[in-house]
Amino acid sequence: MNIDRKITDDLVANDISFVTTVPCKQLAGVIDEIDRRDEIFHIPSNKEDEGMGLCAGAFMGGKRPAIIMQNTALGVTLNTLATLIQYYRMPLPMLISYRGELREPVACQVEMALHTKALLAQLNIPTYHFHKRADVDEFDMILKHTFMCNKPVAILTDANFWGGYGDQ
Amino acid sequence: MIRSEILKEIAPILRDQLVVCNIGIPSQELHAIDDQPSNFYMLGTMGLASSIGFGLALAQPKPVIVIDGDGSVLTNLGTLPTIANNVTDNYILLIIDNGSYGSTGDQPTYAGMKTKLEAVATACGCENVVTCQAAETGKALQAALNSKKMTIIVSKCESGNAKMPVITMDPVVIRDRFMKVVVA
């Protein structure tokens, strides 16, 4: 199973046609796959809160959006999550690379990993953690859940899920 | 002229368009001058008016006018390269540049000093950047709508706010009535 393709297939199957990204090494494959699909309009953002603004607008314009980002940026999105996405009750799947978890080679990445789940819990954001490859089977259900409840939902994807960093 | 006077003057142009309005006093002023379901008022999230409006413009074909401020654009300066590189001709960004953070007590912004947002927008790759004085804003806005080209307008005005009530409408109501106009 190709994880990048499976994730993109699930996005397309759930009619998600507007995706914004801020890149992460672990997300490079899925971003490439999204770029190959005509069904998805991909717009890179310079910052994650900007990306959430784009997603909010796209949702009000009738599209189903998603954001792909790294957990280290969660801090800069807290106000946007609280005062835009949650306050106006908008759905937003957030596919997040969970840097700083097992198999992480860069020590500094661990610092935000320590806070990631606590921050998401503090905001009452439904959070799923993909640690093994088979966990991706739930992605389709999570997307359906997100658009059923009109909430931001976090899918944390760690290095073990993606198969390490290529040199391990 | 201050921002509220510009808003009063352009209200007849805005009335028939989808408008995304900046947080704080600008939204309060627009709401008090001419509340319309086609106005999306930001109640929080400083800086994101241009991004919300841009996502909206990319997602559907109707024209979208964003009323932003110099302070808010400075907060989200990364928005300008994103806009420049993903041109959609139904998008107009109107930056009301009064050189100050109006909602927080008129503290000066860098746009009121050395930084020129029109030059920043051009440097970011925006192609139709129009600078005008406050009194010319309506004319510039109507010209941008008529041109059917993505346009950034920087309208230079004086610092100051009109005293208007806080918006008490529920955010979900603002969003819901706005989305009904989008699909109408």
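Residues numbered from 1 in each chain as written. Chains lettered and ligands numbered in written order. Predicted model: local features only at pLDDT ≥ 70, side-chain atom pairs only at ≥ 80, totals over all residues.

A. Summary view of the overall build of chain A. Looking only at helices and strands, chain A has seven helices and six strands in total. Helices and strands appear in chain A in the N-to-C order α-β-α-β-α-β-α-β-α-β-α-β-α. Against the globule reference of 15 Å for 168 residues, chain A gives a C-alpha radius of gyration of 15 Å, in line with a compact fold. If one aligns the C-alpha atoms of chain A with their principal axes, the spans along those axes are about 45 × 35 × 30 Å. By sequence separation, contacts in chain A at least 24 residues apart represent 77% of the contacts at least 6 residues apart. (Helix = DSSP H or I, 4+ residues; strand = E, 2+ residues; numbered from the N terminus. Rg over C-alpha atoms; globule rule 2.2 N^0.38 Å. Contact = placed C-beta atoms within 7 Å.)

B. Geometry of the sheet that holds strand 2 (residues 39-41) of chain B. Residue and element names in this part refer to chain B. The strand order across the open sheet formed by six strands is 2-1-3-4-8-7, and the pairing between neighbours is parallel. A strand with exactly one partner marks an edge of an open sheet, and here the two such strands are strand 2 and strand 7 (129-133). Going from strand to strand, the sheet's axes swing by 20 degrees on average, the running direction of each strand aside. Pairing geometry for strand 4 (residues 91-97) and strand 8 (residues 151-156), over six bridges, is parallel. Considered in strand 8, the bridge of I96 is made with S155. Packing against the sheet, helix 7 (residues 137-147) makes contact with strand 4, strand 7 and strand 8, and its axis sits at approximately 180 degrees to strand 8. (Pairing = 2+ DSSP bridges. Axes fitted to C-alpha atoms, helices over the stretch in contact; angles between N-to-C directions.)

C. Summary view of the packing of helix 3 (residues 48-60) of chain A against helix 3 (residues 49-59) of chain B. The geometry of helix 3 of chain A relative to helix 3 of chain B is characterised by a closest axis approach of 6 Å and an angle of 45 degrees between their N-to-C directions. The angle between helix 3 of chain A and helix 3 of chain B falls in the class oblique. Once helix 3 of chain A is placed against helix 3 of chain B, the crossing between them reads as right-handed. Contacts between helix 3 of chain A and helix 3 of chain B pair E50(A), G53(A), L54(A), C55(A), A56(A), G57(A), A58(A) and M60(A) from the former with S51(B), I52(B), G53(B), F54(B), G55(B), L56(B), L58(B) and A59(B) from the latter. A breakdown of the residues in the contact of helix 3 of chain A with helix 3 of chain B according to their chemical character gives ten nonpolar, five polar and one charged. (Parallel < 35°, antiparallel > 145°, perpendicular 65-115°, else oblique. Left-handed = near helix turned anticlockwise from the far one by under 90°. Nonpolar A, V, L, I, M, F, W, Y, C, P; charged D, E, K, R; others polar.)

D. Region of interest: the sheet that holds strand 1 (residues 16-21) of chain A. Residue and element names in this part refer to chain A. Sheet architecture is open: six strands sit in the order 2-1-3-4-6-5, paired in parallel fashion. Looking at the sheet topology across the chains shown, the edges are occupied by strand 2 (41-44) and strand 5 (127-130). The sheet shows a mean angle of 20 degrees between the axes of neighbouring strands, taken without regard to direction. Pairing of strand 4 (residues 92-98) with strand 6 (residues 152-158) involves seven bridges; the strand directions are parallel. Along strand 6, the bridge assignment pairs P93 with V153.

E. Main features of the interface of chain A and chain B. Listed by partner, the interface residues are 25 residues for chain A and 26 residues for chain B. Of all the secondary-structure elements, those providing two or more residues to the side of chain A that touches chain B are strand 2, helix 3 and helix 4 (74-86) of chain A. Residues that form the side of chain A that touches chain B fall into these classes: eleven nonpolar, nine polar and five charged.

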